[in-house]
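# Residue-level structural notes
Read off the chains here:
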Amino acid sequence: MIGYHRPATLTDALAIRARHDVQVLAGGTDVYPAFATRRAWGDPAHKDVLDMSALSALRGISEHADHWRFGALTTWTDLIRADLPPLFDGYRMAAREVGGVQIQNRGTLAGNICTASPAGDGIPCLLTLDAEVELSSQRGVRLVPIPDFITGYRATAVEADEIVTALLVPKSAGQGRFLKLGARKYLVISIVMVAAVIEADKGAITAARLAVGSCSAVAQRLTALEAALQGKSLADAPDIVAVDHLAGLRPINDVRSTGAYRQDAALTLVRDVLAGFAGGAVRSVA
Amino acid sequence: MLDKPQATAPTIPLIVNGEARQVAADPFRPLSDTLREGLGLTGTKIGCEAGDCGACTVLMDGAQVCACLIATGQAAGARIETVEGPGPDGLTDRLRHAFLAHGAAQCGICTPGMLMAATDLLSRNATPSHQDVEDALGGVLCRCTGYTKIIEAVLMVASPVAARIMEDDTGHVGQRIARLDGLAKVDGSDRFGADIAPADALWMRVVRSPHARARFAFGDLEAVRAATPGLAAIFTHADVPGENSFGIFPHLKDQPVLAPGQVRYRGEAVVALVGTRDAVEGLADAALPIHWSIEPAVTGVDAGLAEGAPVLHAFAPDNVLARGNLKTGDVAAGHAAGAATASGIFTTAFVEHAYIEPEAGYAVRVGDRIEVTACTQAPYMDLEEVARVLGLPQEAVRIMPTACGGGFGGKLDVSVQPLLAVAAWLLKRPVRIIYSRIESMASSTKRHPARIVAKASADATGRLTAYELEGDFNTGAYASWGPTVANRVPVHGAGPYKVPNVWNRTRAVYTNETPAGAFRGFGVPQAAIANETLMDDLAGRLGLDRWAIRRINALDHGDATYSGHRLASSAGLPQCLDALKSDWDQMLGRVASHNESGARKRRGAGIACMWYGCGNTSMSNPSTMRITLAGDGKLTFWNGAVDIGQGSTTILAQMAAEALGLPVAAFTLVVGDTDLTADAGKTSASRQTYVSGNAARLAGEALRARILKLANAGADAKLTLSGQVLSISDGESVRTIDLASLRADADGVVLEGIATWDPPTTKLDADGQGIPYGTYGFAAQIAEVEVDVGLGTVKVLNIIAAHDVGRAINPTLVEGQIHGGIAQGLGLALMEEFIPGRTENLHDYLIPTTGDMPAIKTYLIEDPEETGPFGAKGVGEPALVATAPAILGAIRHACGARMTQMPVLPHRLWAALKGRA
Ligand SMILES: Cc1cc2nc3c(=O)[nH]c(=O)nc-3n(C[C@H](O)[C@H](O)[C@H](O)COP(=O)(O)OP(=O)(O)OC[C@H]3O[C@@H](n4cnc5c(N)ncnc54)[C@H](O)[C@@H]3O)c2cc1C
Ligand code: FES
Ligand code: FES
């Protein structure tokens, strides 16, 4: 039988994590499918499990002086239902498009980044929110900015004795948006997704942060575009987007799509996401 | 809480449907498993164990969740509501009744999940919008219904208007009665393949080839068995007592039960492990001494047909399994006579049936007989296969079908049956198996990928002068239904049109890919894509409306088909087209005015027709039905036709009841057990309504004739059954028969009616000429789509479908078939592509969800079929065929892209629009 730990306190959880080689279990929406696939091809082995679900203190969203704190066990549904400023509109649009309601009810914000899938819908949002990840271990607590947290294709900076305990987002005046492109409506993995946060003053952009997912091993910020948008009018923003602004993406061919398509669709979606801020029709996802 | 790993399963407290329960379970086991195996609550279904299908949806602390993604340990102390409970404030109970009344459950395997997701929605939002319902049910897949009636049912509960009153009196032909097997489907008590097994059954797990083509040798398997506690046996091909082979056609039993030293596709069965559940699930494949030598695989028909290609089967040295041919007139002359000619090459992908119930069942040896209980579409074919594989006479085999959680052709071939039979026979112990989703998808048959080269010509008025088709169908590693596809396509390939000169040729080609077999339409949907696109091409070249060119050419009463069959009776395509005419004109108008804005989202309208022969092609395919009256007044309908959700149990009873003259409610139903019911043939080829319907009608008439003769009553006499007294009122006079006073046979039966019916067909000659079917279903559908020309995405907005069904025995069930067919046609056109080893799960293999369905309107055209029961024909397959080409036509109308490769995924449409295909 697979060993199963379900500690009631973070202290106990960190002690188990320090002593045993365990897989952390949160909402299970990535852990179980991966296990089912291995079992189907005759590989029944599984690490012992550290179930975090009894650590209720790690669930929930709270406002602090200069930042917002999202406990690691906060679910997509928690995010959808929370009363949050427009800065989080994009992250919440993403939450509504994750899987179906069942997945949103269980899947956690931290689980999403720990899986570090190139198609993880939360990741581009967190990039545009300049989020930091709070990692805890018996050694202490450290904060890692999202770009440093995700170190590659399904790879993260989480050490063997660490647990993600929260996501921290600095307060900012901006507004967020998110667009996802998939081959069906629900339960679909993104072919491309785009997140944006824009701060504007009387129609002029004062700060822009944009990120594209599913177009490289790790979702990427579009820093050249962000610079180009600085000071421009919101209404002109879509037209400013140029092919070169997305030159850093490295989309691949896979079962879902082709690299050439992704590159071009990313361009279209970046323009669309900006057009949304300008008050253009809100695009619905295909 | 648990803070230490334990050696034995701890006891976990759960509050299930309001009741505190304690269950001993491995805390990491999914809650779905614990509910089913630990608490016996099998109403919660398992379709994927990966969050992809939603069949396992339950409420946990009031919110819908996938029970397969929850560790049992995580649910400790939580409130769990399952389909077996009434739901908060009785909501689940109210939903059940609405589902039943609206025909929202077909096969019923998704129903528990749907009910729980809907319970979640209505418990937070008493008046949801259509969109709210789509969102709430978006995580539960249904492969049968197209979601339309499910959403209707949920909105109905939500609306203040009371649920619709059911017609209840006689339940005869034409009435929208609720499915007779429906109650069990909505209350979670229906028993599917995975839901029942003897308590002492051993478990089986099949070890499958991870390679598409390889040879292998075994090391010391017995040493592994001996070293694995709880493992009773490791069976290999050498253990199969009879013939180690199966297949649909008597001369093509080319697929081994267990591979004898070589495998021909990824997913092929190599050994079967039997033992305790922990033993078979805990033993890694890598722990078995199987020494592989991998060989280069043949992928795709071109590779199969290539000079010097590796040969799959010695009896087919060119890798061609079967050829089909139909020739009439002179196509060269026909093309020359045309004012316009169009041609094209069209390709389609492997398509997975994606029934939500993976194959499952159990077998028990009873003395010198074997009994196999499993989900199936074809119990008598299973019986023959099992007898051969065990080397037993057919009388020694009994097949007891469970409820079947979707089939669509994929459960016509045996899967678990021979494996279970071999194990239970040899071990003399009951043995059960449940395929995982991935195992089901990797091992079971698919729709044939097609490459169709076609050419059509028409004269200046639009009349077709010639049609030519060459189709290559990838039949995968084993024959399955490949020959049927090769034969059906030539007969239907030029569409439901009058064409004087036709030459259609097909080949089914072996490759090292997943076997392709039967799937709703047997190759006709693929051929219709080519055919209908060429019709649009011709209309464009000749300056004709796309509706008009179809109307001009539509087969009509008295016309001869290109196989030389003069349609003496039902041929309702002209009526179908006429029914759609005003919708078509409106749609064209709507689309044009939308597109005036020049927006990036362009709309388009498309139209397609179809026809489909009911029953086997030029082959006897009889059905036998029996109705008995016992001395105690028990009226029993013995019906061997398997209901895979399409509703045969209900409509056959409606027809039997009408023919006999007693209400449906008077019948006790016995369905599908080969020891009890006669062979009704398989549930495929849209034949059960037409063929078994006739047998049911004739059996009813035969029993009625006996009764009337006994009572000396006239043909119009009315029957009433009350206890053991049968009253026959004929005008003024009423006679009564005390059934107990009649002489009974050993089973207590005093009167019976038995009838067999076989559709009138003739052999086809070498040019495909003859009478291949007794009758044909016809349909026309129009589709309205919106294409985002920037992203290449397509949203289907509306589909309007007109189907000539001869007679709608139960209009609700007919509509359900059409809705479900449309969903599958939409999937075929836009998203479904099975790639062995890459899309073998429901995460990567996409089927439509609630949010992908268009609004659907249906017209049921009833052009009665003389040879059909009460005028009826089949609709199961016709539902699907016209949808994909109608969508393709609409896409082209919207944005100009003539798509010839299925599915039209966004990147393909985008590439076509950019001209870089
Ligand atoms: C049907 C379906 C649809 C889906 N659709 C989408 C989608 O549209 N978009 C999308 O982005 N994702 C999707 N997912 C993936 C998944 O739901 C999300 O990534 C989810 O947020 C994962 O969270 P979880 O809590 O369920 O993770 P878990 O499965 O519990 O864990 C995921 C991984 O993270 C680790 N982990 C979890 N929490 C911590 C922690 N606090 N500290 C350290 N390690 C941790 C685990 O060990 C594991 O490796 C889908 C999944 C399914 C099954
Ligand atoms: S079985 Fe749980 S989602 Fe499919
Ligand atoms: S009724 Fe929904 S899957 Fe069959």
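Predicted, not measured: the structure shown is a model, and the values here were computed from it.

### Let's talk about the domain arrangement of chain B
All names here are of chain B. According to the domain assignment, chain B consists of domain 1 (1–176), domain 2 (202–296 + 359–434), domain 3 (450–616 + 765–914) and domain 4 (623–757). Look at where the C-alpha atoms of domain 1 and domain 3 centre, and you get two points 35 Å apart. The interface of domain 1 with domain 3 comprises 21 residues on the first partner and 26 residues on the second. Residue Lys-149 is joined to Glu-815 by a salt bridge in which the shortest nitrogen-to-oxygen separation is 2.8 Å. Across the domain 1-domain 3 interface, the total number found is 11 residue pairs in polar contact (both at pLDDT 80 or more). When contributions to the side of domain 1 that touches domain 3 are tallied by element, the ones reaching two or more residues are helix H4 (130–137) and helix H5 (148–158).

### Here we look at the nonpolar core
A:Leu210, A:Val270, A:Leu274, B:Phe99, B:Ile887 and B:Ile891 are the most contacted members of the largest nonpolar core, which has 203 residues in total. It is helix H15 (residues 524–542) of chain B that provides the largest number of residues to this core, a total of 10 residues. Apart from residues no more than four positions distant in its own chain, B:Ile887 is found in contact with B:Ala783, B:Val785, B:Val796, B:Ile799, B:Leu826, B:Ala829 and B:Leu830. Listed in part, the 72 residues of the second largest apolar core include A:Phe88, B:Val16, B:Phe28 and B:Ala71.

### Points about the confidence of the model for chain B
Residue and element names in this part refer to chain B. Scored by pLDDT, chain B has a mean of 96; 98% of the residues are at 70 or more. Within the model, pLDDT remains below 50 along residues 1–5, and this stretch shows 16 contacts once partners closer than five positions in the same chain are excluded. Low pLDDT (under 50) marks residues 162–167, which in the prediction has 11 contacts with non-local residues, meaning those over four places away or in another chain.

### Focus: the sheet that holds strand S4 (residues 61–63) of chain A
All names here are of chain A. Taken in spatial order, the five strands of this open sheet run S4-S5-S10-S6-S7, and their pairing is antiparallel. The open sheet is flanked by S4 and strand S7 (140–145), the only strands paired with a single partner. Taking the axes of each pair of neighbouring strands and ignoring which way they run, one obtains an average angle of 25 degrees across the sheet. Where S4 and strand S5 (residues 67–71) come together, three bridges link them in antiparallel fashion. Considered in S5, the bridge of Ile-61 is made with Phe-70. Across the sheet, helix H1 (residues 10–19) is in contact with strand S6 (132–137) and strand S10 (163–170); its angle to S10 comes to roughly 120 degrees.

### Let's talk about helix H11 (residues 379–390) of chain B
The end-to-end C-alpha distance of H11(B), which contains 12 residues, comes to 16 Å, matching closely the 16 Å that a straight helix rising 1.5 Å per residue would cover. Of the residues one or two after H11(B), B:Gly391 is the one with positive phi, at around 70 degrees.

### What to know about the site of ligand 1
A:Val24, A:Gly27, A:Thr29, A:Thr108 and A:Asp121 are the nearest of the 35 residues found near ligand 1. One finds residues of chains A and B in close proximity to ligand 1. At 3.1 Å, a side-chain N or O of A:Trp76 approaches an oxygen atom of ligand 1. A:Gly99 is positioned such that a nitrogen or oxygen atom in its backbone is 3.1 Å from an oxygen atom of ligand 1. Listing elements by their share of the shell around ligand 1, those giving two or more residues are strand S2 (22–25), helix H2 (31–40), helix H6 (109–115) and S10 of chain A. If one sorts the elements of the shell around ligand 1 by residue count, H6(A) sits on top with four residues. When its residues are assigned to classes, the shell around ligand 1 shows 17 nonpolar, 13 polar and five charged.

### Notes on the domain arrangement of chain A
Along its sequence, chain A is carved into domain 1 (1–51) and domain 2 (175–279). A straight line from the C-alpha centre of domain 1 of chain A to that of domain 2 of chain A covers 35 Å.

### Some remarks on the interface of chain B and chain A
One frequently used descriptor of interface size is the decrease in accessible area upon assembly of the parts. With 83 residues of chain B at the interface, the matching set in chain A holds 59 residues. Each partner contributes to the roughly 5,300 Å² buried at the junction of chain B and chain A, and carbon and sulfur atoms together form 61% of this total. Here chain B and chain A share three salt bridges between them. Between B:Lys914 and A:Asp264 there is a salt bridge, with its nearest N and O atoms 3.5 Å apart. Summed over the shared surface of chain B and chain A, the result is 20 residue pairs in polar contact (both at pLDDT 80 or more).

### Focus on the confidence of the model for chain A
Summarising the model, chain A shows a mean pLDDT of 95, and 97% of its residues fall at 70 or more. Under a pLDDT of 50 for its full length, residues 280–286 of chain A has, in the predicted model, 18 contacts with residues more than four places off or in other chains.

### Considerations on helix H20 (residues 811–830) of chain B
Think of an α-helix as turning once every 3.6 residues; residues three or four places apart then point the same way. The terminal C-alpha atoms of H20(B), which comprises 20 residues, lie 28 Å apart, in line with the 28 Å expected from a rise of 1.5 Å per residue. Most of H20(B) sits out of view: 20 of its 20 residues are buried.

### What to know about the sheet that holds strand S19 (residues 464–476) of chain B
Two modes of strand pairing occur in sheets, parallel and antiparallel, and in both the strands are linked by backbone hydrogen bonds. All names here are of chain B. Taken in spatial order, the five strands make up an open sheet running S12-S20-S19-S18-S13, and their pairing is mixed. Edge positions in the open sheet fall to strand S12 (320–328) and strand S13 (340–347), since each of these has one partner strand only. For this sheet, the mean inter-axis angle between neighbouring strands, taken without regard to orientation, is 5 degrees. With nine bridges joining them, strand S18 (residues 450–458) and S19 adopt antiparallel strand pairing. When the bridges of S19 are listed, Ala-458 appears paired with Leu-464. Together, S12, S19 and strand S20 (502–510) form the strand contacts of helix H14 (residues 482–492), whose direction differs from that of S12 by roughly 15 degrees.

### Section: the pattern of salt bridges
Applying the stated criterion across every chain yields a total of 67 salt bridges over all chains. The salt bridge partner of B:Lys857 is B:Asp583, with a shortest N-O separation of 2.9 Å. Here the residue B:Lys857 occupies a position in strand S31 (residues 855–861), and B:Asp583 occupies one in helix H17 (residues 573–595), the gap between them amounting to 274 residues. Judged by relative accessible area, B:Lys857 falls into the partly exposed class, the value being 36%. B:Asp788 is the partner of B:Arg600 in a salt bridge, and the nearest nitrogen-oxygen pair spans 2.8 Å. Here B:Arg600 is found in the loop between H17 and strand S21 (601–613), whereas its partner B:Asp788 is found in strand S29 (residues 776–788), with 188 residues between them in sequence. Residue classification places B:Arg600 among the partly exposed residues on the basis of a relative accessible area of 30%. Through salt bridges with shared partners, a single ionic network connects A:Asp130, A:Glu199, A:Arg209, A:Arg221 and A:Glu226.

### Some thoughts on the side chain of B:Thr484
Within the secondary structure layout, B:Thr484 lies in helix H14. Setting aside residues up to four positions removed in sequence, B:Thr484 forms contacts with B:Phe249 and B:Phe522.

### A few points about the packing of helix H3 (residues 111–124) of chain B against H5(B)
All names here are of chain B. For the pair H3 and H5, interaxial distance at closest approach is 11 Å and the crossing angle is 35 degrees. Crossing angle aside, the handedness with which H3 passes H5 is right-handed. Here H3 contributes Met-114, Ala-118, Leu-121 and Leu-122 to the contact with H5, which in turn contributes Ile-150, Val-154, Val-157 and Ala-158. Classifying every residue of the contact of H3 with H5 gives eight nonpolar, no polar and no charged.

### Brief notes about the packing of aromatic side chains
Here the structure, examined in full by the defined rule, presents 21 aromatic pairs over all chains. A ring pair is formed by A:Trp68 and A:Phe88, whose centres lie 5.9 Å apart and whose planes are at 80 degrees; its orientation type is edge-to-face. Taken together, the positions of A:Trp68 in strand S5 and A:Phe88 in the loop between helix H3 (76–81) and helix H4 (89–96) put the pair 20 residues apart, joining distant regions of the chain. With respect to class, A:Trp68 is no different from A:Phe88; both count as buried. Ring centres 6.5 Å apart and planes at 50 degrees place the aromatic pair B:Tyr776 and B:Phe778 in the tilted group.

### Comments concerning the pairing of strand S8 (residues 231–235) of chain B
Residues and elements named next belong to chain B. Across the five residues of S8, four count as buried, placing the element largely inside the fold. Sheet topology places S8 next to strand S10 (residues 269–275); four bridges connect them, and they run antiparallel. Bridge pairing links Phe-235 to Ala-272 in S10.

Conventions we followed
The residue count restarts for each chain, going from 1 along the sequence in the order it is written. Starting at A for chains and at 1 for ligands, labels are handed out in the order in which the entities are written. With the structure being a predicted model, the display of local features is reserved for residues of pLDDT at least 70 and the display and counting of side-chain atom pairs for 80 or more, all residues being used for whole-chain, interface and lining totals. Hydrogens are left out, water is left out, and the side-chain values use all remaining heavy atoms of the structure. An automatic or database domain assignment provides the domain bounds reported here. Whether two residues are in contact is decided by their heavy atoms: any pair within 4.5 Å suffices. Salt bridges are defined as contacts in which a side-chain nitrogen from Lys or Arg sits within 4 Å of a carboxyl oxygen from Asp or Glu. Counted as a polar contact is a pair of N or O atoms within 3.5 Å, where, for protein atoms, one must be capable of donating a hydrogen and the other of accepting one, and residues adjacent in sequence contribute only when both atoms are in side chains. Secondary structure elements are defined from DSSP: runs of H or I of at least 4 residues count as helices, runs of E of at least 2 residues count as strands, and each element is numbered from the N terminus. Here the nonpolar core consists of buried residues drawn from Ala, Val, Leu, Ile, Met, Phe, Trp, Tyr and Cys, with membership extended through side-chain atoms lying within 4.5 Å. Throughout, exposure labels follow a simple rule: accessible area from a 1.4 Å probe, protein chains only, divided by the maximum for the residue type, with under 20% read as buried, over 50% as exposed, and the rest as partly exposed. Residue-level confidence of the predictor, termed pLDDT, takes values from 0 up to 100. Strands were regarded as paired on the criterion that DSSP finds at least two bridges between them. Every axis corresponds to a line fitted to the C-alpha atoms, with the helix fit spanning only the stretch in contact, and the corresponding angles, defined between N-to-C directions, vary from 0 to 180 degrees. By this rule the span expected of a helix is its residue count minus one, scaled by 1.5 Å. Nearness is judged by heavy atoms alone; a residue qualifies as near a molecule or strand once a single heavy atom is within 4 Å of it. Nonpolar residues are Ala, Val, Leu, Ile, Met, Phe, Trp, Tyr, Cys and Pro. Charged residues are Asp, Glu, Lys and Arg, and all others, Gly as well, are polar. Note: buried area is the sum, over both parts, of the accessible area (probe 1.4 Å) each one loses when the two are combined. Definitions for this section: a left-handed crossing has its near helix turned counterclockwise from the far helix by less than a right angle. A right-handed crossing has that turn clockwise. Centre distance within 6.5 Å is the pairing criterion for rings of Phe, Tyr and Trp, where only the six-membered ring of Trp is used; planes under 30 degrees apart are then read as stacked, over 60 as edge-to-face, and the remainder as tilted.

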